[in-house]
Amino acid sequence: MFLGHFAVGLASKRIAPRTSAAILIAAALFADILWPIFLLFGWEHVRIDPSATRFTPLDFYDYPWSHSLLALLTWATAFALLYWRFSRYAIGALMIWVAVLSHWLLDWITHRPDMPLYPGSALFGLQLWSSIKWTMIVEFSMFVAGVCVYLRSTRARDKIGSYGAAAYFIFLTLVYVANSSGPPPPSVSSILWVGLIGGVILLLWAWWIDSHREPATASRTTG
Ligand SMILES: [Zn+2]
């Protein structure tokens, strides 16, 4: 899943308005942020196989440290505690914890059975990816919902907050469509570097637009 993880991060902003959307998105995408790093170090492995699923040409046959439920529980707790240590914002820390864990649930729904509960366990997956149509419907509905929640719970302070945010959402949509309709990646190292560099750009961009928006209730008077 791709857009669905962004949707979780964006929607979390409503519950944790003081946490940057970039951090919430990083939490929801955390497994996919670790994954290219672990590939780089040779701790995890992937194969390009156009017959793997209808939707993705990747065979995720070994990724227990980034994508098992137990590993994500550990990462979620570490990320949330670290955030709490510096921010003392409990709701933000809680949403980070939930968002990191949500990754397993969403990937379990989309992937074929390749999601471990713990390193070496049996593998699970409901294979939404066996249908391109339903993959698109689910991901786009989640994304639209996430964007709407984010836009309603925050307000642009300037043009970066409004047009920059619109450009971000359009860009994510285009990346998703290009990714799902384009040819398979040429090599594992291309996946790895696109993942690493793309991840940094998308998180910095989220941080940039989010810092030009404020909670929608910030200056609203009550009563
Ligand atoms: Zn993933």
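To be clear, the structure that these remarks concern was listed above.
S.K.: Now, about helix H3 (residues 30–40): what can you tell me, with residues and values included?
M.R.: Those residues of H3 not exposed but buried are Phe 30, Ala 31, Ile 33, Trp 35, Pro 36 and Leu 39. On its buried face, H3 sits against helix H2 (21–28), strand E1 (45–48), helix H4 (64–67), helix H5 (69–87), helix H6 (90–110) and helix H9 (188–210). A positive backbone phi angle near 80° is found at Gly 42, which sits one or two residues after H3.

S.K.: Give me the packing of helix H1 (residues 3–15) against helix H7 (residues 132–153): which residues, what numbers.
M.R.: With their axes 8 Å apart at the nearest point, H1 and H7 run at an angle of 25° to one another. Compared by their axis directions, H1 and H7 come out roughly parallel. Viewed along their axes, H1 and H7 form a crossing whose handedness is left-handed. The segment H1 lies against H7, with Leu 3, Gly 4, Phe 6, Ala 7, Val 8, Leu 10, Ala 11, Lys 13 and Arg 14 engaging Glu 139, Phe 140, Met 142, Phe 143, Ala 145, Gly 146, Val 147, Val 149, Tyr 150 and Ser 153. Within the contact of H1 with H7, the residues separate by chemical class into 13 nonpolar, three polar and three charged.

Thresholds applied
- Residues numbered from 1 in each chain as written.
- Predicted model: local features only at pLDDT ≥ 70, side-chain atom pairs only at ≥ 80, totals over all residues.
- Buried ≥ 20, exposed ≤ 12 C-beta atoms within 10 Å, placed from the backbone.
- Helix = DSSP H or I, 4+ residues; strand = E, 2+ residues; numbered from the N terminus.
- Contact = placed C-beta atoms within 7 Å.
- Axes fitted to C-alpha atoms, helices over the stretch in contact; angles between N-to-C directions.
- Parallel < 35°, antiparallel > 145°, perpendicular 65-115°, else oblique.
- Left-handed = near helix turned anticlockwise from the far one by under 90°.
- Nonpolar A, V, L, I, M, F, W, Y, C, P; charged D, E, K, R; others polar.

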